[in-house]
Amino acid sequence: MELLIVVTLSYLLGSLSGSILLGKIKGIDIRKMGSNNAGGTNAFRTMGINFAICVLIIDILKGYIAVKYLPLIVLGENSLTYNQNIEIFSLFSGIAVAIGHVYPIYFNFQGGKGAGTLVGVLFALSPISLIICFILWIITLTLTGYVGLSTIVASIILPISEFYIYPGKIDTYFSLFTILIPIFIIYTHRSNIIRMIKGNENRFKKIMIFHKKS
């Protein structure tokens, strides 16, 4: 019963889309602009950096809160159940909050792609691996200009980094969780992959270190 409560609350929290909520305040629907996605990248392209930063903060916070605090609130920090099940509760919470972000019940199940929310989840669960993934994200972005590709590469690096940083945890639930993340990210970025193959994916050319300025 406690696990169901945690998963439900995490999903409902994840369904609070930062870009859609802030868009409503400004009288716009971010899903009808740019790439028609409610994620941070589309928010940046269509509404500017300040709007995008606010969106990213909201998305990261809900991932962090879902994993760090919801299991603790539901289970109770001093309970035996908490000590035995905190890891699996946190992982299910992380999955649920990400799904809520991508398929928000409040907004006709049309949300973002889950990257920002998963940053919050990983910040709570494995900050060292998150730093490694972020470094690879930056490197890939400056080399290619593709945000989607950078996110995919960073997600693939996650289980690899976990294997080398914590070799003793390879048989834990968290190891399985890190393998599921790149599968999830590749799925939510499938439209980006198709556009990259076709050669019409947007690129941040200004950040590319080898891009020739015209």
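Residues numbered from 1 in each chain as written. Predicted model: local features only at pLDDT ≥ 70, side-chain atom pairs only at ≥ 80, totals over all residues. Heavy atoms only, no water.

Peer 1: What's the story with the overall build of the chain in this structure? I'm lost.
Peer 2: Each helix and strand counted, the chain has eleven helices and zero strands in total. Of the regular secondary structure in the chain, the N- to C-terminal order runs α-α-α-α-α-α-α-α-α-α-α. The globule rule puts the C-alpha radius of gyration for 214 residues at 17 Å, and the 18 Å found for the chain is close to it. With the C-alpha coordinates of the chain rotated into their principal frame, the extents come out at 65 × 45 × 25 Å. For the chain, buried positions account for 42% of its 214 residues. By sequence separation, contacts in the chain at least 24 residues apart represent 68% of the contacts at least 6 residues apart. Accessible surface computed for the chain: about 11,500 Å², of which carbon and sulfur atoms make up 68%. Charge separation in the chain, taken as the distance between the mean sites of 17 positive and 8 negative side-chain charges, equals 20 Å. (Helix = DSSP H or I, 4+ residues; strand = E, 2+ residues; numbered from the N terminus. Rg over C-alpha atoms; globule rule 2.2 N^0.38 Å. Buried < 20%, exposed > 50% of the residue type's maximum accessible area, 1.4 Å probe, protein only. Contact = heavy atoms within 4.5 Å. Areas by Shrake-Rupley, 256 points an atom, 1.4 Å probe, with all protein chains shown as cover. Lys, Arg positive; Asp, Glu negative; His and termini not counted. Charge placed at Lys NZ, Arg CZ, Asp CG, Glu CD.)

Peer 1: Can you walk me through the environment of Phe-107 in this structure?
Peer 2: As for its placement among the helices and strands, Phe-107 is situated in the loop between helix H6 (80-102) and helix H7 (115-125). With relative accessibility at 8%, the residue Phe-107 sits in the buried group. Note: C-alpha distance between Phe-107 and Ile-20 (87 residues apart in sequence) is 8.2 Å. Non-local contacts of Phe-107, meaning those with residues more than four positions away in its chain, are made with Ser-15, Ser-17, Ile-20, Leu-21, Lys-24 and Arg-31.

Peer 1: Explain the packing of aromatic side chains to me, please; I cannot follow it from the model alone.
Peer 2: How two aromatic rings sit relative to each other is given by the distance of their centres and the angle of their planes. A full pass over the atoms with the stated rule returns seven aromatic pairs. Consider the rings of Tyr-64 and Phe-123, whose centres lie 5.4 Å apart with planes at 45°: the pair is tilted. Of this pair, Tyr-64 sits in helix H4 (residues 49-68) while Phe-123 sits in helix H7, placing them 59 residues apart in sequence. Judged by its relative accessible area of 46%, Phe-123 falls in the partly exposed class. Centroid distance Phe-163 to Tyr-164: 5.2 Å. Interplanar angle 85°. Geometry classified as edge-to-face. Take Phe-163: its relative accessible area is 41%, and that puts it in the partly exposed class. In textbook terms, an aromatic cluster arises when at least three aromatic residues are bridged by ring pairs, as seen for Tyr-64, Tyr-69 and Phe-123. Across the ring face of Tyr-187, the terminal group of Arg-190 is positioned such that the distance to the ring centre comes to 4.0 Å. (Phe/Tyr/Trp six-rings, centres within 6.5 Å; stacked < 30°, edge-to-face > 60°. Lys NZ or Arg CZ within 6 Å of the ring centre and 35° of its normal.)

Peer 1: Got a minute to help me understand the layout of surface pockets in this structure?
Peer 2: If a probe the size of a water molecule is rolled over the atoms, the empty space left behind becomes visible. As a volume, the largest pocket reaches approximately 1,100 Å³. Residue lining of the largest pocket: 43 residues in total, with Thr-41, Ala-115, Trp-137, Val-147 and Thr-151 positioned closest to the centre. Those elements that place two or more of their residues in the lining of the largest pocket are helix H3 (40-47), H4, H7, helix H8 (127-144), helix H9 (147-165), helix H10 (173-188) and helix H11 (190-198). Each pocket or cavity is described by its volume, and for the second largest pocket that value is around 240 Å³. (1 Å grid on protein atoms, 1.4 Å probe; cavity = no way out; pocket = protein on both sides within 12 Å on 5 of 7 lines; lining within 4 Å. Points joined across faces, edges and corners; volume = space filled by probe spheres on them.)

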